[in-house]
Amino acid sequence: MQENITDEDRKQIIEKAKAEGMSAATLMLFTILLPYASDFFPQLQNKSSGSMTVLIVITLMYFYRALKKLQPLCRARLILFFTLYWTSSIVVAIFFVLATVYEAEQYMFILFVIGLFVSLVFCMVCWMILNFKLAKITQKPLFKIYALCFVASVISSIAIVTLGATKHDAIYYVDVAFSVITGALLIVAWHSIDKIEEL
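Now for a quick tour of the structure.

Conventions we followed
Residues numbered from 1 in each chain as written. Predicted model: local features only at pLDDT ≥ 70, side-chain atom pairs only at ≥ 80, totals over all residues. Heavy atoms only, no water. Core = buried A, V, L, I, M, F, W, Y, C linked by side-chain atoms within 4.5 Å. Buried < 20%, exposed > 50% of the residue type's maximum accessible area, 1.4 Å probe, protein only. Helix = DSSP H or I, 4+ residues; strand = E, 2+ residues; numbered from the N terminus. Contact = heavy atoms within 4.5 Å. Salt bridge = Lys/Arg side-chain N within 4 Å of Asp/Glu carboxyl O.

Counting 41 residues, the largest nonpolar core has Leu78, Trp127, Leu134, Leu186 and Trp190 as its most contacted members. Mapped by element, the contributors of at least two residues to this core are helix H1 (7–40), helix H2 (45–70), helix H3 (78–101), helix H4 (106–138), helix H5 (142–163) and helix H6 (170–191). Top element by residues in this core is H4. It accounts for 9 residues. With residues up to four places along the chain from it excluded, the contact list for Trp127 reads Met28, Phe63, Phe82, Tyr85, Tyr146, Phe150 and Leu186.

Below, the structure is given as structure tokens:
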């Protein structure tokens, strides 16, 4: 933590981090909604994979820039948990692809599904810890509320896929609404930041 930052510098750093955090949260919401959009516009399905990859990379970049600005202002290990989050996200994606490829081979499929589950839980825990730390240093409980809603949203989405729900089912729209509300909470949480405690 830097000791020679003036109050004015601190204020400017927080405003810049806040803007980048809001941008990242907005992009994350678009990324989450893209698969739903593909259900209604089939022509997007061939393009959604590439678009999602680009959105994810840009989103992570903005989150990193925001957290890197806040890091010198506090003792919380923001960058560490963010790094654990995005690296475990890559592991989740790898296990998902492997489970899909080896779906016909029972033992390999089970092995990769277990790896997928473990890495997904670890990824979610890292993301929760990061947001709980943000709640602590910003004194904004909304980050905690978002983190809990995020976990519930992921579980809801997994349930939708498991049940095979489609856009013709009411439960599908409940999941969409929950995802939108959860994403909006993160945007509002970043927007509400006005100070950073040296914790």
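Now that the structure has been shown, the text picks up again.
In this fold, Phe178 is placed in helix H6. Given a relative accessible area of 27%, Phe178 falls into the partly exposed group. As a C-alpha pair, Phe178 and Ser156 span 22 residues in sequence and 8.4 Å in three-dimensional space.

Positive phi values are uncommon outside glycine, yet Gln139 reaches one of about 60°. Here Gln139 lies in the loop between H4 and H5. Using a relative accessible area of 45% as the deciding quantity, one classes Gln139 as partly exposed.

With that settled, the discussion passes to the pattern of salt bridges. One pass over the full model with this rule turns up 5 salt bridges. Among the ionic pairs, Arg10 bridges to Glu198, the shortest N-O distance being 3.7 Å. Residue Arg10 is located in helix H1, and its partner Glu198 is located in the segment after H6; the two are separated by 188 residues in the primary sequence. Here Glu20 and Arg65 are joined by a salt bridge, their closest N and O atoms 3.0 Å apart. In this pair, Glu20 is assigned in helix H1 and Arg65 in helix H2, connecting sequence segments 45 residues apart. Owing to a relative accessible area of 10%, Glu20 belongs among the buried residues under this scheme. In the salt-bridge network here, residues are joined through shared partners; they are Glu20, Arg65 and Lys69.

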